[in-house]
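# Geometric and topological summary
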Amino acid sequence: MKISYHGHSIVKIETNGKTILIDPFITGNKLTDLNATEEKPDVILLTHGHNDHVGDTMDIAKRENILVVAPNELAVYLGFQGLQTHGMNIGGAKEFDFGTVKYTQAFHSSSYTTEDNEIIYTGMPAGLLLTIEGKIIYHAGDTSLFSDMKLYAEDPIDIAFLPIGDNFTMGPADAAKAVEILKPKLTVPVHYNTFPPIEQDPEDFATLVTSHEVKIMQAGEIIEL
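To keep things clear, this report deals only with the structure shown in the data block.

Cut-offs and rules
- Residues numbered from 1 in each chain as written.
- Predicted model: local features only at pLDDT ≥ 70, side-chain atom pairs only at ≥ 80, totals over all residues.
- Heavy atoms only, no water.
- Buried < 20%, exposed > 50% of the residue type's maximum accessible area, 1.4 Å probe, protein only.
- Helix = DSSP H or I, 4+ residues; strand = E, 2+ residues; numbered from the N terminus.
- Arc of directions from axis to C-beta.
- Contact = heavy atoms within 4.5 Å.
- Pairing = 2+ DSSP bridges.
- Salt bridge = Lys/Arg side-chain N within 4 Å of Asp/Glu carboxyl O.

## Description of helix H5 (residues 172-182)
- Residues of H5 that are buried: Pro 172, Ala 175, Ala 176, Ala 178, Val 179 and Leu 182. Along the axis of H5, the buried positions cluster into a sector of 155°, meaning they face one direction only.
- Lining the buried residues of H5 we find strand S12 (135-139), helix H4 (149-152), strand S13 (159-163), strand S14 (186-190) and helix H6 (202-208).
- Where H5 terminates, the next one or two residues include Lys 183, which has phi positive at roughly 55°.

## Description of the sheet that holds strand S15 (residues 213-214)
- Read across the sheet, seven strands follow the order S7-S8-S11-S12-S13-S14-S15 without closing on themselves; strand pairing throughout is mixed. If you trace the sheet from one side to the other, it starts and ends with strand S7 (93-96) and S15, each paired once.
- Relative to S12, strand S11 (residues 126-132) runs antiparallel, the two being bridged by five bridges. If you follow Ile 132 over to S12, its bridge partner there is Lys 135.

## Brief notes about the pattern of salt bridges
- Counting across every chain of the model gives seven salt bridges.
- Between Lys 40 and Glu 64 there is a salt bridge, and its shortest N-O distance comes to 3.5 Å. Here the residue Lys 40 occupies a position in the loop between strand S3 (18-22) and strand S4 (43-45), and Glu 64 occupies one in helix H2 (residues 57-64), the gap between them amounting to 24 residues.
- Accessibility expressed as a relative area gives 57% for Lys 40, which makes it exposed.
- A salt bridge links Lys 215 to Glu 221; the nearest nitrogen and oxygen atoms lie 3.0 Å apart.
- Relative accessible area serves as the criterion here: at 27%, Lys 215 is assigned to the partly exposed category.

The values are spatial; any link to function lies outside them.
Below you can see the structure in the form of structure tokens.
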């Protein structure tokens, strides 16, 4: 299984002949190496409805005629736009042909802003616990630190993607505390440096994590599990 990071919160997973794309904010993302017109995933997974996470979902999903898995209200809204969707909610899990998706809590907000400046409520924000090829991948989405993260550590997490940008999510100090709670084998910081309010030095985060491995990934870099 290959897992790659592509700036902001974009994660791509290639497994068993399937490509999974998480939160594909490509157009307008100065840190990504991807070109939205070239992406051909088999499924898109979304953590919440903010435009910097939904990103290019509509264009990619319509062009490739693929499934979008998202929190229920967001899935319904995207369905109204003509997409093929599957809605889920926090605590719910479902087995797909590529693996199992479980939605977790995330303490944040969730809405989609249209081109007409209309704000659409898109349900509860969430994180993702993915079980694929016997490995557990945690994508926290946008979230603050919360103590119930300890429940997710009951089954060993192989890799965790945690936001460190502060202002809208955890900053480096709280994200380091999250690592201590989650105890993943490997942690990758995400959701930083895309916009001025979330500018961070990821090395500051890595320095705060003293008992677990941290990998600062560049856009396009791949990890094999």
